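Residue-level listing of the chains:
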Amino acid sequence: MSTWLSVAGVKPPSSDTGAYSKARQRLPERLVQQLVPIVAEALEKQVPTEKQWCGLRVRVLDGTTVLMSDTAANQAEYPQHSNQKTGCGWTIAKMVVLFSLLTGAVVSAGIASLATSEIVMSRLLYANLLPNDVILADRAYGNYVDLVLVKQQGANAVFRKNHLRKTDLRAGKEVGNWRPSSCLGSASTVSETHE
(Lines give C-alpha, C1' and ligand atoms only; values in the text may rest on other atoms or scores of the structure.)
Protein backbone atom coordinates (compact mmCIF):
# COMPACT_ATOMS: atom_id res chain seq x y z
CA MET A 1 0.00 0.00 0.00
CA SER A 2 2.80 2.41 0.89
CA THR A 3 4.48 1.79 -2.48
CA TRP A 4 1.26 2.48 -4.36
CA LEU A 5 0.67 5.69 -2.39
CA SER A 6 4.22 6.85 -3.11
CA VAL A 7 3.83 6.20 -6.85
CA ALA A 8 0.47 8.02 -6.78
CA GLY A 9 2.19 11.06 -5.24
CA VAL A 10 0.46 10.70 -1.89
CA LYS A 11 2.44 10.80 1.35
CA PRO A 12 2.36 7.25 2.78
CA PRO A 13 1.28 6.77 6.39
CA SER A 14 3.84 6.24 9.13
CA SER A 15 5.30 2.75 9.40
CA ASP A 16 4.76 2.95 13.17
CA THR A 17 1.59 0.91 13.70
CA GLY A 18 1.33 1.54 17.46
CA ALA A 19 -1.56 4.00 17.20
CA TYR A 20 -3.42 1.70 14.80
CA SER A 21 -2.99 -1.26 17.16
CA LYS A 22 -4.25 0.75 20.15
CA ALA A 23 -7.27 2.00 18.18
CA ARG A 24 -8.05 -1.52 17.01
CA GLN A 25 -8.05 -2.75 20.62
CA ARG A 26 -10.71 -0.15 21.48
CA LEU A 27 -12.94 -1.31 18.63
CA PRO A 28 -15.88 -3.26 20.12
CA GLU A 29 -15.97 -6.90 18.99
CA ARG A 30 -19.75 -6.67 18.52
CA LEU A 31 -19.32 -3.83 16.01
CA VAL A 32 -16.90 -5.91 13.94
CA GLN A 33 -19.38 -8.80 13.94
CA GLN A 34 -22.11 -6.48 12.66
CA LEU A 35 -19.91 -4.94 9.96
CA VAL A 36 -18.63 -8.21 8.43
CA PRO A 37 -21.82 -9.16 6.52
CA ILE A 38 -22.53 -5.55 5.56
CA VAL A 39 -19.07 -5.12 4.02
CA ALA A 40 -19.27 -8.51 2.26
CA GLU A 41 -22.64 -7.65 0.71
CA ALA A 42 -21.46 -4.18 -0.38
CA LEU A 43 -18.41 -5.71 -2.08
CA GLU A 44 -20.49 -8.30 -3.94
CA LYS A 45 -22.86 -5.61 -5.22
CA GLN A 46 -19.90 -3.96 -6.95
CA VAL A 47 -19.16 -7.09 -9.02
CA PRO A 48 -21.35 -7.75 -12.10
CA THR A 49 -23.59 -10.83 -11.77
CA GLU A 50 -22.09 -12.34 -14.93
CA LYS A 51 -18.90 -12.88 -12.90
CA GLN A 52 -20.78 -15.32 -10.66
CA TRP A 53 -20.49 -19.04 -11.36
CA CYS A 54 -23.60 -20.01 -13.37
CA GLY A 55 -25.32 -16.93 -11.95
CA LEU A 56 -25.07 -18.32 -8.42
CA ARG A 57 -23.28 -17.03 -5.33
CA VAL A 58 -20.56 -19.44 -4.21
CA ARG A 59 -19.54 -19.56 -0.55
CA VAL A 60 -16.37 -21.29 0.60
CA LEU A 61 -16.29 -22.80 4.09
CA ASP A 62 -13.15 -23.70 5.98
CA GLY A 63 -11.79 -23.93 9.49
CA THR A 64 -8.46 -23.16 11.12
CA THR A 65 -6.86 -22.45 14.47
CA VAL A 66 -5.15 -19.28 15.65
CA LEU A 67 -2.63 -18.67 18.41
CA MET A 68 -3.47 -15.88 20.81
CA SER A 69 -1.69 -13.94 23.53
CA ASP A 70 -1.38 -15.91 26.74
CA THR A 71 -3.52 -13.64 28.90
CA ALA A 72 -5.79 -14.71 31.75
CA ALA A 73 -8.88 -13.63 29.78
CA ASN A 74 -7.80 -15.64 26.71
CA GLN A 75 -6.92 -18.67 28.86
CA ALA A 76 -10.41 -18.59 30.37
CA GLU A 77 -12.16 -18.33 27.01
CA TYR A 78 -9.75 -20.30 24.78
CA PRO A 79 -7.64 -22.62 26.93
CA GLN A 80 -4.33 -23.89 25.59
CA HIS A 81 -3.98 -27.45 24.35
CA SER A 82 -4.06 -30.07 27.13
CA ASN A 83 -0.63 -31.39 26.02
CA GLN A 84 0.98 -28.09 27.06
CA LYS A 85 2.05 -27.20 30.57
CA THR A 86 0.15 -24.29 32.08
CA GLY A 87 1.98 -21.07 31.32
CA CYS A 88 4.23 -22.72 28.70
CA GLY A 89 2.06 -22.47 25.64
CA TRP A 90 -0.25 -20.29 23.63
CA THR A 91 -3.98 -20.06 23.94
CA ILE A 92 -5.58 -21.52 20.84
CA ALA A 93 -8.91 -20.58 19.27
CA LYS A 94 -10.72 -22.50 16.57
CA MET A 95 -12.26 -20.48 13.75
CA VAL A 96 -14.68 -21.38 10.98
CA VAL A 97 -15.12 -18.86 8.17
CA LEU A 98 -17.60 -18.55 5.30
CA PHE A 99 -16.03 -16.61 2.40
CA SER A 100 -17.43 -15.18 -0.81
CA LEU A 101 -15.67 -16.87 -3.73
CA LEU A 102 -16.44 -13.82 -5.87
CA THR A 103 -14.72 -11.22 -3.66
CA GLY A 104 -12.76 -13.18 -1.06
CA ALA A 105 -14.59 -11.25 1.68
CA VAL A 106 -15.61 -12.94 4.91
CA VAL A 107 -19.40 -13.36 4.94
CA SER A 108 -19.63 -14.82 8.44
CA ALA A 109 -17.36 -16.49 10.95
CA GLY A 110 -17.38 -18.32 14.23
CA ILE A 111 -14.74 -18.58 16.94
CA ALA A 112 -14.67 -21.01 19.85
CA SER A 113 -12.30 -22.95 22.06
CA LEU A 114 -10.17 -25.72 20.60
CA ALA A 115 -12.45 -28.33 22.20
CA THR A 116 -15.39 -27.24 20.01
CA SER A 117 -16.03 -29.26 16.85
CA GLU A 118 -15.42 -27.50 13.54
CA ILE A 119 -18.46 -29.28 12.12
CA VAL A 120 -20.72 -28.02 14.93
CA MET A 121 -19.45 -24.47 14.41
CA SER A 122 -19.95 -24.70 10.65
CA ARG A 123 -23.53 -25.86 10.98
CA LEU A 124 -24.31 -22.59 12.76
CA LEU A 125 -23.02 -20.69 9.71
CA TYR A 126 -25.41 -22.49 7.34
CA ALA A 127 -28.10 -20.06 8.54
CA ASN A 128 -26.26 -17.36 6.53
CA LEU A 129 -26.86 -19.19 3.24
CA LEU A 130 -29.54 -17.87 0.94
CA PRO A 131 -31.65 -19.97 -1.44
CA ASN A 132 -29.63 -21.05 -4.50
CA ASP A 133 -26.27 -20.27 -2.86
CA VAL A 134 -23.60 -22.89 -3.46
CA ILE A 135 -21.39 -23.85 -0.54
CA LEU A 136 -17.98 -25.35 -1.27
CA ALA A 137 -16.08 -27.21 1.47
CA ASP A 138 -13.54 -29.98 2.02
CA ARG A 139 -14.09 -33.65 2.80
CA ALA A 140 -14.83 -33.03 6.49
CA TYR A 141 -18.30 -31.97 5.36
CA GLY A 142 -18.89 -34.79 2.88
CA ASN A 143 -21.75 -36.46 4.75
CA TYR A 144 -25.50 -36.71 4.40
CA VAL A 145 -26.27 -34.65 7.52
CA ASP A 146 -24.49 -31.57 6.18
CA LEU A 147 -26.01 -32.03 2.71
CA VAL A 148 -29.49 -32.09 4.25
CA LEU A 149 -28.81 -29.06 6.51
CA VAL A 150 -27.61 -27.04 3.52
CA LYS A 151 -30.60 -28.16 1.43
CA GLN A 152 -32.95 -27.03 4.23
CA GLN A 153 -31.62 -23.50 3.61
CA GLY A 154 -32.57 -23.88 -0.07
CA ALA A 155 -28.87 -23.85 -0.94
CA ASN A 156 -26.63 -26.32 -2.78
CA ALA A 157 -23.47 -28.03 -1.57
CA VAL A 158 -20.27 -29.17 -3.22
CA PHE A 159 -18.32 -31.19 -0.67
CA ARG A 160 -15.34 -33.34 -1.43
CA LYS A 161 -16.12 -37.01 -0.90
CA ASN A 162 -14.55 -38.62 2.14
CA HIS A 163 -11.64 -40.82 1.07
CA LEU A 164 -13.14 -43.82 2.88
CA ARG A 165 -16.30 -43.81 0.73
CA LYS A 166 -16.02 -46.03 -2.30
CA THR A 167 -17.95 -44.82 -5.33
CA ASP A 168 -18.50 -46.57 -8.63
CA LEU A 169 -20.04 -44.06 -11.04
CA ARG A 170 -20.83 -46.89 -13.48
CA ALA A 171 -23.50 -48.03 -11.00
CA GLY A 172 -25.17 -44.60 -11.02
CA LYS A 173 -28.76 -43.99 -11.99
CA GLU A 174 -29.81 -41.00 -14.09
CA VAL A 175 -32.20 -38.87 -12.07
CA GLY A 176 -32.58 -35.81 -14.28
CA ASN A 177 -30.98 -33.32 -16.62
CA TRP A 178 -29.33 -30.13 -15.59
CA ARG A 179 -28.79 -27.49 -18.22
CA PRO A 180 -26.35 -24.86 -16.96
CA SER A 181 -26.73 -22.64 -20.01
CA SER A 182 -25.10 -19.67 -18.32
CA CYS A 183 -21.78 -21.40 -17.66
CA LEU A 184 -21.25 -24.61 -19.61
CA GLY A 185 -23.48 -24.24 -22.65
CA SER A 186 -24.56 -27.88 -22.88
CA ALA A 187 -26.72 -30.34 -20.99
CA SER A 188 -25.19 -32.32 -18.17
CA THR A 189 -26.66 -35.36 -16.51
CA VAL A 190 -27.07 -35.48 -12.77
CA SER A 191 -26.39 -38.96 -11.46
CA GLU A 192 -27.15 -40.68 -8.21
CA THR A 193 -24.88 -43.43 -6.96
CA HIS A 194 -25.81 -46.26 -4.66
CA GLU A 195 -23.22 -47.57 -2.28
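Since the model is a prediction, treat every value here as computed from it, not as a measurement.

What counts, and at which threshold
- Residues numbered from 1 in each chain as written.
- Predicted model: local features only at pLDDT ≥ 70, side-chain atom pairs only at ≥ 80, totals over all residues.
- Heavy atoms only, no water.
- Helix = DSSP H or I, 4+ residues; strand = E, 2+ residues; numbered from the N terminus.
- Buried < 20%, exposed > 50% of the residue type's maximum accessible area, 1.4 Å probe, protein only.
- Contact = heavy atoms within 4.5 Å.
- Areas by Shrake-Rupley, 256 points an atom, 1.4 Å probe, with all protein chains shown as cover.
- Expected span 1.5 Å × (residues − 1).
- Bend = angle between axes of the 7 residues up to and from the residue.
- Pairing = 2+ DSSP bridges.
- Core = buried A, V, L, I, M, F, W, Y, C linked by side-chain atoms within 4.5 Å.
- Phe/Tyr/Trp six-rings, centres within 6.5 Å; stacked < 30°, edge-to-face > 60°.
- Axes fitted to C-alpha atoms, helices over the stretch in contact; angles between N-to-C directions.
- Arc of directions from axis to C-beta.
- Polar contact = N/O pair within 3.5 Å; in protein donor to acceptor, adjacent residues only side chain to side chain.

Details of the overall build of the protein
Looking only at helices and strands, the protein has 6 helices and 7 strands in total. Tracing the protein from N to C terminus, the helices and strands come up as α-α-α-β-α-β-β-α-β-α-β-β-β. Looking at the protein residue by residue over its 195 residues, the buried ones come to 22%. Across the protein, the fraction of contacts at a sequence separation of at least 24, relative to all contacts at a separation of at least 6, is 47%. Summed over its atoms, the accessible surface of the protein is roughly 13,600 Å², and 57% of this surface lies on carbon and sulfur atoms.

What to know about helix 3 (residues 29-45)
A rise of 1.5 Å per residue sets the reference length of helix 3, with its 17 residues, at 24 Å; its end C-alpha atoms lie 25 Å apart and thus fit the reference within 8%. If you look at helix 3, its biggest bend is around 30°, right at L35, and the proline P37 turns up within four residues after that.

Focus on the pairing of strand 3 (residues 106-113)
Bridge count for strand 2 (residues 91-100) against strand 3 is 7 bridges, and the pairing is antiparallel. Directly across from F99, in strand 3, lies its bridge partner V106.

Thoughts on the nonpolar core
Soluble globular proteins: nonpolar side chains tend toward being buried together. Of all hydrophobic cores here, the largest spans 15 residues; its most connected members are L61, Y126, L129, I135, Y141, V150 and F159. Of all elements in the fold, only strand 2, helix 5 (118-125) and strand 4 (134-137) reach the threshold of two or more residues within this core. Among the elements that take part in this core, helix 5 stands out by supplying 3 residues, more than any other. In contact with Y141, not counting residues within four places along its chain, are L61, V96, E118, I119, S122, Y126, D146 and F159.

So, the packing of aromatic side chains
Applying the stated criterion across every chain, the model contains 1 aromatic pair. Each ring, one from Y141 and one from F159, has its centre 6.0 Å from the other, and the planes form 40°; the classification is tilted. With Y141 in the loop between strand 4 and helix 6 (144-152) and F159 in strand 5 (residues 156-159), this pair connects stretches of sequence that are 18 residues apart. According to the relative accessible area criterion, F159 is buried, its value standing at 13%.

Looking at the sheet that holds strand 2
In spatial order, the strands read 3-2-1-4-5; together these 5 strands make up an open sheet with mixed pairing. On the outer flanks of this sheet lie strand 3 and strand 5, each paired with one strand and no other. Looking at each pair of strands side by side, their axes are set apart by 25° on average, direction ignored. Pairing analysis gives 3 bridges linking strand 1 (residues 58-68) to strand 4, with the strands arranged parallel. When the sheet's bridge partners are listed, R59 is paired in strand 4 with I135.

Comments concerning helix 5
For helix 5, the set of buried residues is I119, M121, S122 and L125. Each buried residue of helix 5 lies within a common arc of 160° when the element is viewed along its axis, so the set occupies one face. Where helix 5 starts, the residue carrying a side-chain oxygen 3.1 Å from the main-chain nitrogen of I119 turns out to be S117.

A look at unusual backbone geometry
Glycine aside, residues mostly have negative phi angles, and peptide bonds mostly take the trans form. The phi dihedral of C54 is positive, around 55°, even though this residue is not glycine. On the secondary structure map, C54 appears in the loop between helix 3 and strand 1. Residue C54 is classed as buried on the basis of its relative accessible area of 14%.

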